[in-house]
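# Survey of secondary and tertiary structure
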Amino acid sequence: MKKKKIFFSVILSTLFIFFILFKGLYNQNYYIPKNTTKNLISFKAEDFFTKEKLTSDQFFLNNKYIIINIWASWCIPCLKEHKYLMSLRKNNNFKLIGLNYKDKENNAKQFIKKNGNPYELILSDRNGTISIELGAFGVPETFVIHEKKIIKKYIGPLDQQNIFEILRITKK
Amino acid sequence: MKKKFIFLIIFFIAIFNYSFAIENNTKLENKISKNLRCLVCQGQSIYDSNSDFALSVKLIIKNKLKEGKSEKEIYEFFKSKYGEWILFDPEINKKTIFLWIFPIILFVFGGYLIFRKFFIK
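Quick look at the overall build of chain A now. For chain A, the helix and strand inventory stands at six helices and seven strands. Order of helices (α) and strands (β) in chain A, N terminus to C terminus: α-β-β-α-β-α-β-α-β-α-β-β-α. Taken over the C-alpha atoms alone, chain A extends approximately 80 × 35 × 30 Å along its principal axes. Buried positions account for 30% of the 172 residues belonging to chain A. The long-range fraction of contacts in chain A, counting pairs at least 24 apart against all pairs at least 6 apart in sequence, stands at 75%.

What follows is about helix α1 (residues 2-34) of chain B. Helix length check: α1(B) (33 residues) gives 48 Å between terminal C-alpha atoms against 48 Å at 1.5 Å per residue, within 8%. Counting buried positions over the 33 residues of α1(B) gives two, only a small fraction of the element.

Looking now at the domain arrangement of chain B. Each domain of chain B was delimited in the assignment, giving domain 1 (2-89) and domain 2 (91-121). The C-alpha-based centres of domain 1 of chain B and domain 2 of chain B are spaced at 39 Å.

Turning our attention to the nonpolar core. Ranked by internal contacts, the top residues of the largest apolar core, which has 42 residues, are A:I66, A:I67, A:I68, A:I70, A:I97, A:L99 and B:V57. Elements that contribute at least two residues to this core include exactly β3 (65-71), α3 (76-87), β4 (94-101), β5 (121-125), α5 (129-134) and β6 (141-146) of chain A together with α2 (52-66) and α3 (71-82) of chain B. If one sorts the elements of this core by residue count, β3(A) sits on top with six residues. A:I68 has contacts with A:I97, A:L99, A:L134, A:F143 and A:I145, leaving out every residue within four places of it along the chain.

All names here are of chain A. As paired elements, β6 and strand β7 (residues 149-155) share six bridges and run antiparallel to each other. Bridging from a neighbouring strand, F143 pairs with K153 of β7. Connecting β6 to the next strand, β7, in antiparallel fashion are two residues, including E147 with a positive phi near 50°.

We now examine the packing of α1(B) against α2(B). Residue and element names in this part refer to chain B. The N-to-C vectors of α1 and α2 enclose an angle of 135°; their axes lie 10 Å apart at closest approach. Judged by the angle between their axes, α1 and α2 are oblique. The crossing of α1 and α2 is right-handed. Together, N25, L28, E29, I32 and S33 of α1 and K58, I61, K62 and L65 of α2 make up the contact between the two elements.

Residues and elements named next belong to chain A. Going from V139 to P140, the amide bond is cis rather than trans, its omega being -15°. Backbone geometry at K102 places phi at a positive 40°, although glycine is not the residue there. Relative to the helices and strands, K102 is located in the loop between β4 and α4 (105-115). Accessibility expressed as a C-beta count within 10 Å gives 19 for K102, which makes it partly exposed. Here E147, not a glycine, exhibits a phi torsion of approximately 50°, which is positive. Examined against the element boundaries, E147 turns out to sit in the loop between β6 and β7.

Another point: the sheet that holds β5(A). All names here are of chain A. Pairing is mixed across the open sheet formed by seven strands, whose spatial order is β2-β1-β5-β4-β3-β6-β7. Edge positions in the open sheet fall to β2 (53-55) and β7, since each of these has one partner strand only. Here the strands of the sheet are splayed against their neighbours by 30° on average, with no regard to which way each runs.

Below, the discussion takes up the pairing of β5(A). Residues and elements named next belong to chain A. Examined bridge by bridge, strand β1 (residues 44-47) and β5 share two bridges and lie antiparallel to one another. Residue pairing across strands places E46 opposite S124, the latter belonging to β5. The pairing of β4 with β5 spans five bridges and is classified as parallel. Directly across from G98, in β5, lies its bridge partner I122. Regarding the hand of the β-α-β motif, the stretch spanning β4, α4 and β5 is right-handed.

Cut-offs applied
- Residues numbered from 1 in each chain as written.
- Chains lettered and ligands numbered in written order.
- Predicted model: local features only at pLDDT ≥ 70, side-chain atom pairs only at ≥ 80, totals over all residues.
- Helix = DSSP H or I, 4+ residues; strand = E, 2+ residues; numbered from the N terminus.
- Buried ≥ 20, exposed ≤ 12 C-beta atoms within 10 Å, placed from the backbone.
- Contact = placed C-beta atoms within 7 Å.
- Expected span 1.5 Å × (residues − 1).
- Domains from an automatic or database assignment.
- Core = buried A, V, L, I, M, F, W, Y, C linked by C-beta atoms within 7 Å.
- Pairing = 2+ DSSP bridges.
- Axes fitted to C-alpha atoms, helices over the stretch in contact; angles between N-to-C directions.
- Parallel < 35°, antiparallel > 145°, perpendicular 65-115°, else oblique.
- Left-handed = near helix turned anticlockwise from the far one by under 90°.
- Right-handed = clockwise from strand over helix to strand, strands pointing away.

And the structure:
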């Protein structure tokens, strides 16, 4: 009787632990900040071409969707998502902004020249601080922003499915 | 002569003050970066890591301290951007209460078992 009890309790606890871990396996823990007024995005950045100092209020127009894509010429996955970004180029529903992350200026210019420029505006982030301000981990990363709030965050290169999703979100 | 002497003293005080201020800041910087998790590395703190992410975070800590932000404000800033996961010390709230209380429960339960075995027969 006692043996049986131990046997069942071992099996039960194993199953319990298994299910908890199994459930956690597919949990994405991408953190999107709570949309309170305290967490509105604002930062200062430099225009990539003109070197003009801009504040985020200057290009965050109120009711327009903003898509910020963090890229670098040294980042291989960025090359992979570039063709998808090019397909987003001519769209009036949103503004596509590129954030050049820890890059050499000449290399970045070469990259744009060779692969095309999908961005309406490119900002440079020489030391990576602006990306942190956005809550990014690295490159490539894409943010969909509306009324200065992050509503969607893609970590890693975009694929066709993500593009459909972005188009669907920004259509509203 | 006296004037010169006073001037020298003021000069030295100024220099020492400055270096003390810098030293205090770097100490605080290290402390803060030790309490933050490097999110792109495995089990390292920002202080230990040399990844691009960690380097940028260290730079931000430095800038914020220069701006006169307090340690707590800096933790709040990172928490608002990356969630609680970035802090090594989990806060006590609804989600983590079990984590905090479980060791105490185990301890009390174990104590009860021992007590029962030795004192109640």
